[in-house]
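Next come the chains, spelled out residue by residue.
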Amino acid sequence: QVRLVESGGGLVQPGGSLRLSCAGSGFTFSNYVMKWYRQAPGKQREFVAQIFSGGTTSYADSVKGRFTIFRDNAKNTVYLQMNSLKPEDTAVYYCRAQSLMGDYWGQGTQVTVST
């Protein structure tokens, strides 16, 4: 059974940092592109960042320079380091695993940036 479990969300003040984790199981993690998306209240889900098997990364313009995605294939885990957080980063953050063999989503973790 495929599972993606996000963790690390919470409440943080503007300018603060959080690290999200997404642990995968039930599939060959290293063969998948791992992605982070987010969905703010009343808005569509949007792409945040992705990392390919070989380590190549790309980011949405809104988070470039502030967020870093990285993966540990030995732990079947992908991370999203979020620095210099802004109130507009408030959203539910979702992990996605994608390849020609499958397309899986996690249940999401809430990130709230507020004073």
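All values derive from a computational prediction rather than experimental measurement.

Lay out the overall build of the protein chain in plain terms, naming residues and giving numbers.
Assigned secondary structure in the protein chain consists of zero helices and eleven strands. Each helix (α) and strand (β) of the protein chain, taken in turn from the N terminus, gives the series β-β-β-β-β-β-β-β-β-β-β. A compact globule built from 115 residues should have a C-alpha radius of gyration of about 13 Å, and the protein chain, at 13 Å, falls within 12% of that. C-alpha extents for the protein chain along the principal axes are approximately 40 × 25 × 25 Å. Put simply, the protein chain has 115 residues, and 43% of those count as buried. Split by element, the accessible area of the protein chain, about 6,000 Å² in all, is 48% carbon and sulfur.

Could you give me a rundown of the side chain of Thr-77, with the residues and numbers involved?
Along the chain, the position of Thr-77 falls in strand β8 (residues 77-82). Among the polar contacts listed, one links the side chain of Thr-77 to the backbone oxygen of Lys-75, at a separation of 2.8 Å. Setting aside anything within four residues of it in sequence, one finds Thr-77 in contact with Ser-21, Cys-22, Ala-23, Phe-29, Arg-71 and Asp-72.

Residue-level account of the packing of aromatic side chains, with values.
Tallied over the entire structure, the rule returns seven aromatic pairs. Put simply, the rings of Phe-27, Phe-29, Tyr-32 and Tyr-104 touch in pairs and so form one group of aromatic residues. Across the ring face of Tyr-94, the terminal group of Arg-45 is positioned such that the distance to the ring centre comes to 3.7 Å. Above the face of the Trp-105 ring, Arg-45 is positioned so that its terminal group lies 4.7 Å from the ring centre.

The rules we used
Residues numbered from 1 in each chain as written. Predicted model: local features only at pLDDT ≥ 70, side-chain atom pairs only at ≥ 80, totals over all residues. Heavy atoms only, no water. Helix = DSSP H or I, 4+ residues; strand = E, 2+ residues; numbered from the N terminus. Rg over C-alpha atoms; globule rule 2.2 N^0.38 Å. Buried < 20%, exposed > 50% of the residue type's maximum accessible area, 1.4 Å probe, protein only. Areas by Shrake-Rupley, 256 points an atom, 1.4 Å probe, with all protein chains shown as cover. Polar contact = N/O pair within 3.5 Å; in protein donor to acceptor, adjacent residues only side chain to side chain. Contact = heavy atoms within 4.5 Å. Phe/Tyr/Trp six-rings, centres within 6.5 Å; stacked < 30°, edge-to-face > 60°. Lys NZ or Arg CZ within 6 Å of the ring centre and 35° of its normal.

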